[in-house]
Amino acid sequence: MAKKVVATLQKGEGRTYTKVIKAVKSPKTGAYVFKEEMVHNDLLKEALK
């Protein structure tokens, strides 16, 4: 299934998006959790703040 997603993102407008992976500290346990999201390149700086 992942191959289909990657193949779809390589064509056309899929290149205008970036996958962002953030390490976020959980307030309950104090452990770090990784949060993934697809962000448009124009909004990339806002997503990393």
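The present account deals with the structure reproduced in this document. All of these numbers come straight from a predicted model, not from anything done at the bench.

**A few points about the overall build of the protein chain**
Secondary structure summary: the protein chain contains two helices and two strands in total. Helices (α) and strands (β) of the protein chain occur, in sequence order from the N terminus, as α-β-β-α. When the accessible surface of the protein chain is totalled, it reaches about 4,700 Å², and 59% of it is carbon and sulfur.

**Some points on the pattern of salt bridges**
In total, this model carries two salt bridges according to the counting rule given. Among the ionic pairs, Glu36 bridges to Lys19, the shortest N-O distance being 3.2 Å. Here Glu36 is found in strand β2 (residues 32–40), whereas its partner Lys19 is found in strand β1 (residues 17–25), with 17 residues between them in sequence. Lys19 sits in the exposed class, given a relative accessible area of 51%. The closest approach of N and O atoms between Glu37 and Lys22, which form a salt bridge, is 3.9 Å. With Glu37 in strand β2 and Lys22 in strand β1, this residue pair connects regions lying 15 residues apart in the sequence.

**Regarding the environment of Val33**
Secondary-structure assignment places Val33 in strand β2. Sequence-wise, Val33 and Ile21 are twelve residues apart; in three dimensions their C-alpha atoms are separated by 10.0 Å. Among all residues touching Val33, those that are not within four sequence positions of it are Lys22, Ala23, Val24 and Ser26.

Parameters and conventions
- Residues numbered from 1 in each chain as written.
- Predicted model: local features only at pLDDT ≥ 70, side-chain atom pairs only at ≥ 80, totals over all residues.
- Heavy atoms only, no water.
- Helix = DSSP H or I, 4+ residues; strand = E, 2+ residues; numbered from the N terminus.
- Areas by Shrake-Rupley, 256 points an atom, 1.4 Å probe, with all protein chains shown as cover.
- Salt bridge = Lys/Arg side-chain N within 4 Å of Asp/Glu carboxyl O.
- Buried < 20%, exposed > 50% of the residue type's maximum accessible area, 1.4 Å probe, protein only.
- Contact = heavy atoms within 4.5 Å.

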